[in-house]
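# Fold and contact review
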Amino acid sequence: MNRWVLLAGFGAIALLLSVAAVRILDSRERAIVAASEKATQLARLLESGATSIYQSGEFVLDAVAAEVRAHAAVRALPDGPLSLNFTEYAERWPVVQSVGLIGTDGLIRVSAVRNRDGQLEPALIGQDVSARQTFTSHVDRAPGTDAMAISAVQSGYITQTPIVVLTKGIWSDDRQFLGVATAAVRLDAFEALFRTVFPEIRGTIAMFRDDGTLLVAVPPTNFTLNRNFGSSHLFSRAIVDSPIGVYTAPAADDSLGRRLAYRAAARYPFVIAVGLPLTDILDEWRDTSLVNAGAAAFAAAVIGVLTMILASWMRRRQREQALLAISEQNLAEAQRISGIGYFERNLTTNAYSWSPNMYTIHGVSPDTFEPGRSDFRGIVHEDDRERLTREMQAVIVRPASGTTEGRICGPDGAVRYVRYSWRVLSDGAVTGSRLFGVAQDVTDLRRAEAAIRANEARLADVVECSSDYIWESDADGRIVVFAGTGIDLFQSPLGLHGSFFHASTSEPSDLEQLEAAVRQNRQFRNLMIPARGASGGVRWVRVSGNPKFDAAGQFLGFRGAGTDVTESRAQLQQLEQQRKGEALGRLASGLAHEVNNLLQPVLIYAASGTSSPDAGDLSRSYFERIMRAADRATAIVRNVLSFARSGPPRREDVNVLAAVNEVVELSGAIAPHGIRFEVARTDLDCLVRADRTGLAQVLLNLVTNAIEAMGASGTLSIGAEEVEVYATVDRFGGIRPGRYCRVTVSDTGPGIRAEQFGQIFDPFFTTKPTGQGTGLGLSVVAGLVKTWGGAVGAANRDTGGAVFSVYLPLAVQSLQAAQ
């Protein structure tokens, strides 16, 4: 038994060693064949990748040609540059360094070159390339030939990156030559493609034009780019026509030579060559042979142990399978909870496979639904069907990874939003043979986004329809948001500090409260703040704000709203002023009556004393002074009564010219000799509805103020014209639309100071020294004009001095209104 066991053992060992020897001898040839197949696969893969790069350039060339043909179809090709719309296509392909058009005269008509920042910009326009191959290789071809040509290696115009220029001749439908489309492709894109597979081999990769011109070599060799290898073995007819495209070529670096894989592109004029040194292949074979021999010897020694190892492995495999089953169950449950499923497509057989959750996501049953292209198109929403089909087709033409989204209509009528992400994978030696992807139900996410957009639109409508504006500042106080109604009334504060609320004014405001709230990062409400207006004036706003904090409590800035209350504040101030005036008028009326009662005896006794025959000259002069003082007091009482008049106004048709002449004649007698009067006669004879005596008093007050403002010399101008007021004018006291006679009184004095404009019509306001003015002249003017239905305003002239404008309703208009 022992002998038979030994014989069986020795026989097994001898058989094992014999088989190992045969396999070692046979593995040499198989190593060479495997290396050749590997080189062939790499050449085929690189040819496909290079084709996709050239195809991106061809897309740009076709875009240029299409635009040129479109222009030529409408009219003759213009002399000037075409539009650069086709650069939009070039922007999509980063490998495209430049795009352009060469005219039929050989001059570059349009050219856009990618700058160092990656942006296309015009360059080289007008350069003469009529003698270059990029132009002559197409102009000399037969009419209608539009095959793409590849140039030799050139240096880039801006980045100095080596490029090759792709060109196509452009022909019209009637075979008229229209020019040459050009697109430069960077060679570093090919080098990056080649280097991705270079670690897989020990050899060289090169790309040639179909005429043998060297374009790219990885790693760099002693061969110079643009060298022509058209006469070498690589481009011999025997190799070109070879069905496998692999042969052994002599090499200078070893005695065995090199295995070269040749791959000519199907669509474009270039060749890919992958070279593997036979020395490297056989060194790897020797190492493998030694390992195989040692493995055979070792295998003979451990045959008995293999059974135990195999039993142990089987037990471990069972445990792993149990853990794998649990993991698969957990993965399926995680996919179900998260709404994710996966799919797979064999790009060779076009067979599909779906995970169970994919059917749940799409609302279909695996018993009735086939996850092929036709069935899948049936459940895609009709508005997304063509786009998804086009993107699926693009995966076949140009393998890549990507993400898309579409709407799925299930048998129950429900619409689901599904996001797809995929990547093209490789199975073993076959590159790009399998597409694997995941799908996720994002319906809830899209509905939430739609609700957010609806809320944003609702908020935007509320802001747009409200009378408020919104603002927001960052932690440093700079305004980052300023939007809403009426923002054009303010100076834009975007990017500036929040001090845009601040404007220089002497009026009281809540500015200190606002600054305190900002310093303390606390909210504030309804603070009245002066802001800088768009025209440089002061706008009053009522502003509120809340501080913003992140989850950690860090201050982020303020967010708030404001309302322009300039007009309403002015109206409240005007109403308050009217109330004060009415109260003051009632007080002044009572006071005037009392003073007038006291003045009557003074005047009577003064008159009696003046006319008494017993009075001496001195007494008579005292009585005359008393009478003059009483007359002045009577005039003051009369003005006070006019200011406080509350009865119905007296109205009649008054000729403006007559009133002006009367005032000028009276004023000319008392005015200094240096005062010159100018009366514009145009439209002065119009009739207005007013009080004759009151109009004379109004004009006399304005003229007297002008004379006093000018002093010893100056020019006083009076004019009148008929005007049409089309809308209510608040700055003139609420004057209503209609036809008016505008009487203007202007002078060449110092004008009115800016801070006085709001007070000049107030009762008892005067700029004269104490004792020289009552402050009732302009208030009486405003009160009388207002009782007639008119208004009065004041302004400074550009050439110096002030001008007062009195709006009086025309008599004809008043008559029509009465009728």
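Our structure's up above, just so we're on the same page.
The paragraphs below set out a description of the structure included in this document. (Residues numbered from 1 in each chain as written. Predicted model: local features only at pLDDT ≥ 70, side-chain atom pairs only at ≥ 80, totals over all residues. Heavy atoms only, no water.)

### Details of the packing of aromatic side chains
Enumeration over the complete set of coordinates arrives at 15 aromatic pairs. On the basis of an interplanar angle of 40° and a centroid distance of 6.0 Å, the ring pair of Tyr-54 and Tyr-268 is categorised as tilted. Here Tyr-54, found in helix α1 (residues 2-74), pairs with Tyr-268, found in the loop between β11 (258-264) and β12 (270-277); they are 214 residues apart in sequence, far enough to count as distant. Overall, Tyr-54 belongs to the buried group, its relative accessible area being 0%. (Phe/Tyr/Trp six-rings, centres within 6.5 Å; stacked < 30°, edge-to-face > 60°. Helix = DSSP H or I, 4+ residues; strand = E, 2+ residues; numbered from the N terminus. Buried < 20%, exposed > 50% of the residue type's maximum accessible area, 1.4 Å probe, protein only.)

### Considerations on the pattern of salt bridges
All told, the structure shown has 21 salt bridges when counted by the stated rule. Across the pair Glu-405 and Arg-419 runs a salt bridge whose closest N-O atoms are separated by 3.8 Å. Here the residue Glu-405 occupies a position in strand β15 (residues 402-409), and Arg-419 occupies one in strand β16 (residues 415-427), the gap between them amounting to 14 residues. Here the residues in one salt-bridge network are Asp-383, Asp-384, Arg-387 and Arg-407, joined through shared partners. (Salt bridge = Lys/Arg side-chain N within 4 Å of Asp/Glu carboxyl O.)

### Digging into helix α16 (residues 692-710)
Between its first and last C-alpha atoms α16 spans 27 Å; for 19 residues at 1.5 Å apiece the expected length is 27 Å, and the two agree. Every buried residue of α16 is listed here: Gly-694, Leu-695, Ala-696, Val-698, Leu-699, Asn-701, Leu-702, Val-703, Ala-706, Ile-707 and Met-710. Positive phi appears at Gly-711, one or two residues downstream of α16, with a value of about 85°. (Expected span 1.5 Å × (residues − 1).)

### Section: the sheet that holds strand β26 (residues 713-725)
As summarised here, the arrangement of the five strands in space is β24-β26-β27-β29-β28, forming an open sheet in which the pairing is mixed. What marks the edges here is a single partner per strand, and that holds for β24 (674-679) and β28 (791-796). Along the sheet, successive strands turn relative to each other by an average axial angle of 20°, direction set aside. Strand direction decides the pairing type here: β24 and β26, joined by six bridges, are parallel. Directly across from Arg-676, in β26, lies its bridge partner Thr-715. The sheet contacts of α16 involve β24, β26, β27 (738-746) and β29 (802-809), and relative to β26 the element is tilted by about 140°. (Pairing = 2+ DSSP bridges. Axes fitted to C-alpha atoms, helices over the stretch in contact; angles between N-to-C directions. Contact = heavy atoms within 4.5 Å.)

### Looking at a nonpolar patch on the surface
A cluster of nonpolar side chains, contributed by Ile-470, Val-480 and Val-481, occupies part of the molecular surface with about 200 Å² of accessible area. With respect to the element layout, Ile-470 can be found in strand β18 (residues 468-473). (Patch = residues over 30% accessible without salt bridge, like charges linked within 9 Å, V, L, I, M, F, W, Y side chains within 5 Å. Areas by Shrake-Rupley, 256 points an atom, 1.4 Å probe, with all protein chains shown as cover.)

### Comments concerning helix α17 (residues 777-787)
Turning to α17, its buried residues are Leu-778, Ser-779, Val-780, Val-781, Leu-784 and Val-785. Looking at the residues trailing α17, positive phi occurs at Gly-789, about 90°.

### Some details on the pairing of strand β8 (residues 204-209)
Within β8, five of the six residues are buried, which leaves it mostly tucked inside the rest of the structure. Alignment of β8 against strand β9 (residues 214-218), held across four bridges, turns out to be antiparallel. Residue Phe-208 lies in a different strand from β9, and its bridge partner there is Leu-214. The turn joining β8 and β9, which pair antiparallel and follow one another in sequence, is formed by four residues; a positive phi near 100° is taken by Gly-212.

### Observations concerning the sheet that holds strand β19 (residues 479-484)
In space, the five strands of this open sheet follow the order β19-β18-β22-β21-β20, with antiparallel pairing throughout. Each end of this open sheet is capped by a strand with a single partner; those strands are β19 and β20 (524-532). The mean angle between the axes of side-by-side strands here comes to 25°, regardless of whether they run parallel or antiparallel. Where β20 meets strand β21 (residues 538-549), seven bridges bridge the pair, whose relative direction is antiparallel. Counted as the bridge partner of Met-528 is Arg-542 from β21. Helix α12 (residues 511-519) rests against β20 and β22 (555-564) of the sheet, and its axis sits at about 115° to β20.

### Regarding the nonpolar core
Across soluble globular proteins, you tend to see nonpolar side chains buried next to one another. Counting 48 residues, the largest nonpolar core has Tyr-54, Phe-190, Phe-194, Met-207, Phe-270 and Val-274 as its most contacted members. When residues of this core are assigned to their parent elements, the largest contribution, 13 residues, is made by α1. Setting aside chain neighbours within four positions, we find Met-207 in contact with Ala-50, Tyr-54, Phe-190, Phe-194, Thr-213, Leu-214, Leu-215, Val-216, Phe-270, Val-271 and Ile-272. (Core = buried A, V, L, I, M, F, W, Y, C linked by side-chain atoms within 4.5 Å.)

### What to know about unusual backbone geometry
A positive phi angle, near 65°, is found at Arg-175, a position not held by glycine. Relative to the helices and strands, Arg-175 is located in the loop between β6 (162-171) and β7 (177-186). Given the relative accessible area of 58%, Arg-175 is considered exposed. Backbone geometry places Asn-521, a non-glycine residue, at a positive phi of 55°. Within the secondary structure, Asn-521 sits in the loop between α12 and β20. We classify Asn-521 as partly exposed; its relative accessible area is 27%.

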